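The primary structure of each chain is shown beneath.
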Amino acid sequence: MEKIIFHVDVNSAYLSWNAVWDLQHGKTLDLRTVPSIVGGDPESRHGIVLAKSIPSKKFGIKTGETLFSALMKCPDLKIVPPRYSMYLKASDAMLEILREYSPIIERYSIDECFMDMGQRTREDAWETANRIRERIRDELGFTVNIGISTGKLLAKMSSDFQKPDRVHTLYREEIEKKMWPLPVEELFMVGPQTAKKLRDMNIRTIGDLARSDPEFLHQRLKKHGYVIFAYARGMDSSLVRNEGTVGMKGMGNSTTLPFDFTDRISCHNVLLSLGETLVPRLREARKLARTISIHIRTSDFATTSTQTTLSFATDSTSVLMEVSCQLFDELWNGDPVRHLGISFAQLEEKDVQQLSLFQDPRLEKGKRLDALIDRLRTDFGRDAVIRATFVNSPVKAFSGGVEEKDYVFMNSYL
DNA sequence: TCTGGGGTCCTAGGACCC
DNA sequence: TCTGGGGTCCTAGGACCC
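Every chain begins its residue count from 1, and numbering advances along the sequence as written. Starting at A for chains and at 1 for ligands, labels are handed out in the order in which the entities are written. Where local features are concerned, this predicted model is filtered to residues with pLDDT of at least 70; where side-chain atom pairs are given and counted, the filter is 80 or more; whole-chain, interface and lining totals use all residues. In computing side-chain values, all of the structure's heavy atoms are included and hydrogens and water are not.

1. What about the protein's contact with DNA strand C?
Phase 1 of the analysis: With respect to spatial proximity, 20 residues lie near DNA strand C, and among them Asp111, Lys156, Thr194, Gln307 and Thr309 are the closest.
Phase 2 of the analysis: Near is defined per residue: the residue qualifies when any heavy atom it owns lies within 4 Å of the molecule or strand. Among all atoms of DNA strand C positioned within 4 Å of the protein, those belonging to sugar or phosphate total 97%.
Phase 3 of the analysis: Any pair of N or O atoms that falls within 3.5 Å is considered a polar contact. Within protein, one atom must be able to donate a hydrogen and the other to accept it, and sequence-neighbouring residues count only if both atoms are side-chain atoms. The backbone of Gln307 places a nitrogen or oxygen atom 2.6 Å from a phosphate oxygen of DNA strand C.
Phase 4 of the analysis: Between DNA strand C and Thr309, the relevant distance is 2.4 Å, taken from a phosphate oxygen to a side-chain nitrogen or oxygen of the residue.
Phase 5 of the analysis: Under the scheme used here, helices are H or I runs from DSSP no shorter than 4 residues and strands are E runs no shorter than 2 residues, and both carry numbers assigned from the N terminus. Elements that contribute at least two residues to the surface near DNA strand C include exactly strand E5 (105-109), helix H8 (192-200) and strand E11 (303-314).
Phase 6 of the analysis: Residue contributions to the surface near DNA strand C peak at 6 residues, all from E11.
Phase 7 of the analysis: Residues were grouped as follows: Ala, Val, Leu, Ile, Met, Phe, Trp, Tyr, Cys and Pro as nonpolar; Asp, Glu, Lys and Arg as charged; and all remaining residues, including Gly, as polar. The residue inventory of the surface near DNA strand C, partitioned by class, reads 5 nonpolar, 11 polar and 4 charged.

2. Description of helix H12 (residues 264-284)
Each α-helix turn comprises 3.6 residues. Residues three or four places apart therefore point the same way.
Phase 1 of the analysis: Take the number of residues in a helix, subtract one, and multiply by 1.5 Å to get its expected span. End to end, H12 covers 30 Å across 21 residues, agreeing with the expected 30 Å (1.5 Å per residue, within 8%).
Phase 2 of the analysis: Gly275 marks the point of greatest bend in H12, at about 30 degrees.
Phase 3 of the analysis: Relative accessibility decides the category of a residue: with a 1.4 Å probe and only protein chains considered, values under 20% of the type maximum give buried, values over 50% give exposed, and everything between is partly exposed. Taken across its 21 residues, H12 has 16 buried, putting it largely inside the fold.
Phase 4 of the analysis: Of the residues flanking the end of H12, it is Arg286, one or two places downstream, whose phi is positive at about 55 degrees. Take the seven residues that end at a residue and the seven that start at it, fit an axis to each, and the angle between those axes is the bend at that residue.

3. Topic: the UniProt feature "binding site: Mg(2+)" (unreviewed entry) in chain A
Phase 1 of the analysis: Here, UniProt's "binding site: Mg(2+)" (unreviewed entry) annotation points to Asp9 and Asp111. Spanning 103 residues, the annotated positions come together in the fold, the maximum distance between their C-alpha atoms being 6.0 Å.
Phase 2 of the analysis: Looking at the element boundaries, Asp9 is found in strand E1 (residues 2-10).
Phase 3 of the analysis: Ignoring sequence-local partners within four residues, the contact set of Asp9 consists of Asp111, Glu112, Val144, Asn145 and Ser159.
Phase 4 of the analysis: A relative accessible area of 16% places Asp111 in the buried class.
Phase 5 of the analysis: Leaving out residues up to four positions away in the same chain, Asp111 has contacts with Val8, Asp9, Val10, Ala13 and Trp17. UniProt positions are given in the numbering used here, feature names are shortened, and annotations may be inferred rather than shown by experiment. For this analysis, residues touch if any pair of their heavy atoms sits within 4.5 Å.

4. Things to note about the protein's contact with DNA strand B
Phase 1 of the analysis: As a matter of local geometry, DNA strand B sits amid 22 residues, with His46, Gly252, Asn253, Ser254 and Arg281 nearest to it.
Phase 2 of the analysis: For DNA strand B, a phosphate oxygen lies 2.6 Å from a polar atom in the backbone of Gly252.
Phase 3 of the analysis: Of all the elements, strand E9 (residues 250-261) adds the most residues to the surface near DNA strand B, at 7 residues.
Phase 4 of the analysis: Looking at the surface near DNA strand B residue by residue, the classes come out as 5 nonpolar, 10 polar and 7 charged.

5. Remarks on the sheet that holds strand E2 (residues 36-39)
Phase 1 of the analysis: At least two bridges found by DSSP between two strands is the condition for calling them paired. Spatially, 3 strands are ordered E3-E2-E4 in an open sheet, and the strand pairing comes out mixed. This sheet does not close on itself; its edge strands, each paired only once, are strand E3 (49-52) and strand E4 (78-80). Sheet twist, expressed as the average angle between the axes of neighbouring strands with direction ignored, equals 30 degrees.
Phase 2 of the analysis: Relative to E3, E2 is paired through 3 bridges, and the arrangement is antiparallel. Bridge pairing in E3 places Val38 opposite Ala51.
Phase 3 of the analysis: Fitted lines through C-alpha atoms serve as axes, helices being fitted only where they are in contact, and the angles separating the N-to-C directions of these axes extend from 0 to 180 degrees. Across the face of the sheet, helix H1 (residues 13-24) comes into contact with E2, E3 and E4 while running at roughly 105 degrees to E2.

6. Considerations on the sheet that holds strand E8 (residues 167-169)
Phase 1 of the analysis: A sheet is described by the order of its strands in space; here 5 strands give the open sequence E5-E6-E1-E7-E8, paired in mixed fashion. Looking at which strands have only one partner, the edges of the open sheet turn out to be E5 and E8. When strand polarity is set aside, the average angle formed by the axes of neighbouring strands in this sheet is 20 degrees.
Phase 2 of the analysis: In terms of strand pairing, strand E7 (residues 144-149) meets E8 through 3 bridges, oriented parallel. Residue pairing across strands places Gly147 opposite His168, the latter belonging to E8.
Phase 3 of the analysis: Of the strands in this sheet, E1, E5, strand E6 (112-120) and E7 are in contact with helix H4 (residues 84-98), which crosses E5 at around 155 degrees.

7. Some words on the packing of H4 against helix H5 (residues 122-140)
Phase 1 of the analysis: Two elements in contact, H4 and H5, have axes whose closest approach is 11 Å; the angle formed by their N-to-C orientations is 140 degrees. Judged by the inter-axis angle, H4 sits oblique to H5. When you trace H4 past H5, the crossing you get is right-handed. Contact residues: H4 offers Ala93, Met94, Ile97 and Leu98, while H5 offers Ile132, Arg135, Ile136, Glu139 and Leu140.
Phase 2 of the analysis: Along the lines of polarity and charge, the residues of the contact of H4 with H5 split into 7 nonpolar, no polar and 2 charged. Relative orientations are named as follows: roughly parallel for angles under 35 degrees, roughly antiparallel for angles over 145 degrees, roughly perpendicular for angles from 65 to 115 degrees, and oblique for any other angle. Should the near helix be turned anticlockwise from the far one by less than a right angle, the crossing is left-handed, and should it be turned clockwise, the crossing is right-handed.

Here it is as structure tokens:
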């Protein structure tokens, strides 16, 4: 018996969920069986590949590339738009099944979970993983890969082996045979930049990395060098963090504009519309923000940011938006703006708010207004109250975040 | 190659304190 | 006023993850 960890990974998550939803709603084509992708809207410059089917992989289509480029590789490519709120339902349904097998589950992302399966035999782990895999496939209609090991890193690495609808193991003694031959960029935490630096050091496989000198890596890559060296040797002692134990450190909202904006007021309006999505999220999480930062990407794709830390933490829309617009004015040099973002950090719990000598007196009044608007929007829909500035404006009143408008309630089996 | 959006953590330099 | 070291906080940018 030993400690067993599972990593559950939905195969081509967004694409599979779109496919299942379509099948359950009368369509006959299964997107998973043809070259297809989930992609953004090129008209509004959100046109990249978010997820791809396995058949589309044969055309060399990659996540993150432009729809234009994907269509060049495969003119018959079927493109469907994302449905974020439906994905959340599908993810919740999967979690409900997983909870029957372990009380300690870490939701790593919308389509990945770690499960602490406690002490058990390898035979039991194998059978349990296969049972979970089959249940998800049969009850929910989509497939998962499950990776089994004694720690999170190895479990995650093994769920990435052959897909779809598979269970793999990666125990310590299997590392050399199953993981070391892989190209180094397949290791968790080795992205394109690090892979390039490693290649320059003649490190091409995970095995090369595992056999290299950690002090040399540290010299070139700082702390990151030690981290990936340890990962290459399968060393990782992180625990499965149960839900609710992970505090949110920051939250943000950003959007690419449909065309480059060149005037200050339109940019302010975009910031306000981002805030109309972001600040209610902050309040819903019962958090207050102390640090506010704004990000500008210009038409030459250069990104700059600036931030400020207030002497008090707040969830007031008017305070946060006023500061955001001020920061924009300080940062913007007049270049055409392609993308705008706001984010909040240094979040504090609302319930333990400390009174500050420097608290803004406008706060009290604004608080009641914010609460009222939140309630109107809950009761009568998001568009019940919008800022006057957005009436007859080309800028949307809300931007970023989860798109709710085309959500259709899903039936109980997904 | 005409490149989304939401997060986390690390680094490096500077301010400021003792 | 200069020298020095350690600690903490803040800011801007960059790497990674999904």
